[in-house]
Amino acid sequence: MVLPEEVAARILAEAVRRRGSLRDAAALYFQRHPEHEYMKPLVRVLTLGVARHYILLDRALELLGYGPPSHSTSWMLTRVAAFEAMFGRLKPSRARALSEKTGVRLEDLEKLREMRPRDVAKGLSGLDRLSVLYSFPRWMLEELLQAGVPELPRLLEALNRDPQRWIRIRPGVDVERLRESLRGQGVEIEPDRDLPDVARIVEGADRATRTREYREGLYVLQDKASALVAHVAEPQGRLVVDPTAGAAIKASHAAWLGSRYSVAGDLKPQRIGEAVKTLERLRLRHHADIYVGDARRLPLRGFDVAIIDPPCTDIGRLQYEPEIKLWLTRGHAKYFRRLQLQMLLEAVDAALPGARIVYSVCTLTHSETIWVTRRLLEKRPEAELVEQKPRIGERPRRLPQAQRMLPHLHGTQGFYIAVFEKR
Ligand SMILES: C[S@@+](CC[C@H](N)C(=O)[O-])C[C@H]1O[C@@H](n2cnc3c(N)ncnc32)[C@H](O)[C@@H]1O
């Protein structure tokens, strides 16, 4: 008989092998093995748990003489067993089966049950200690430290938790009526105090895309930090270019805020398909030209707003996808920062004088946020870093005009926004 722990181990190993998401690896597994569908909820808990705590689990196992750690399916199973033992989920009947399958002795599973994270990190200090306690690769911690993120341990703890979910509401919708109607469908929302078109999902997030109002395009699921982007872009009456538009979440927001017209592109045709779906559901298809292309070479010049929301290391989204901690390297951060800078340089060159160029990333590494901002200012003196309205996030130490949203301070994903004006 196949155990849910074995399914979790296979999905984890597959996600790392493909450098992909747990969600995609799980979808593929359950498509091939529909007879295991009933395991889905437990498998989800186990895969997320291992991804969030893998360095801690590895060290605990190594202290007991097991290892060396790897991302093989069999070591993933050992991690799953250790996770269940340490986080209080291991039933005695399961312990026996897992002991046989992993080679971890029953008495060691008992010892794992008693171990606390601080016991595992004993003898370590500084970043090594944080790396074990919160299971973050050292290079990520160095990047976050260099970026001057406040209260680093609290940030790491928050990134290992489930995310707060948010919606963005169409202008003109009566929020109180929407709230009542959603309540009747099992979704409880609370209007946000900072952004008039944003609400926090208090309960029922998993039902939020199955309501009548969602189908009718009265709201979209969007993190509050990400919803800040179109606000600070000040798109009212302006031509907006969004060359890394993905599913057009931000482009559609700019339209709701009154942009004159949008030109939205993406390198991947599949993402353009998603953009069309979003715009159709929100009845905005007439409002945008959509194209497939590389944001390093824009198809038009002379626009007055650019939203550059490029691919990044996604560290601010670890609450959703902790698995990237297992395979992401400093090399990825270096690759993305170069790409982001090239896109920004092109946007500044192609924009009209007076245009606003918004740079936003759902990550917090120094390389991608602060380094990119500084390099752009050095390379394009005509780009000026300007204050943003509204200001909700904290101010990075040496770039106070930028803003950073952090899960432990703002209840959002980790996010960075800089706005430039072209002189
Ligand atoms: C962070 S996502 C954008 C999300 C989008 N702004 C939204 O709010 O829905 C980054 C997007 O950039 C796209 N991308 C990656 N490399 C690109 C390139 N060289 N040129 C244009 N788009 C690119 C990816 O396919 C991805 O959809």
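In case you missed it, the structure is sitting above this.
To continue, consider the overall build of the chain. Scanning the chain from N- to C-terminus turns up 19 helices and 12 strands. Relative to the compact-globule value of 22 Å for 423 residues, the chain shows a C-alpha radius of gyration of 23 Å, a close match. Once the C-alpha set of the chain is aligned to its principal axes, its extents read approximately 70 × 50 × 35 Å. Taken across its 423 residues, the chain has 47% of its residues classed as buried. Sequence separation of 24 or more characterises 69% of the internal contacts of the chain that already satisfy a separation of 6 or more.

Running from amino to carboxyl end, helix α3 (residues 40-63) crosses helix α8 (residues 126-134) at an angle of 100°, the nearest separation of the two axes being 5 Å. Considered as vectors, α3 and α8 are oriented roughly perpendicular to each other. Counted together, Ile55, Leu56 and Arg59 of α3 and Ser131, Val132 and Leu133 of α8 form the full contact between these two elements. Of the residues that constitute the contact of α3 with α8, the class distribution is four nonpolar, one polar and one charged.

We now examine α8. Regarding α8, the residues found buried are Leu130, Ser131, Val132, Leu133 and Tyr134. Where α8 is buried, its residues touch α3, α7 (117-120), α9 (138-146) and α10 (152-159). Within two residues after α8, Ser135 carries a phi angle of roughly 55°, on the positive side.

Definitions and cut-offs
- Residues numbered from 1 in each chain as written.
- Predicted model: local features only at pLDDT ≥ 70, side-chain atom pairs only at ≥ 80, totals over all residues.
- Helix = DSSP H or I, 4+ residues; strand = E, 2+ residues; numbered from the N terminus.
- Rg over C-alpha atoms; globule rule 2.2 N^0.38 Å.
- Buried ≥ 20, exposed ≤ 12 C-beta atoms within 10 Å, placed from the backbone.
- Contact = placed C-beta atoms within 7 Å.
- Axes fitted to C-alpha atoms, helices over the stretch in contact; angles between N-to-C directions.
- Parallel < 35°, antiparallel > 145°, perpendicular 65-115°, else oblique.
- Nonpolar A, V, L, I, M, F, W, Y, C, P; charged D, E, K, R; others polar.

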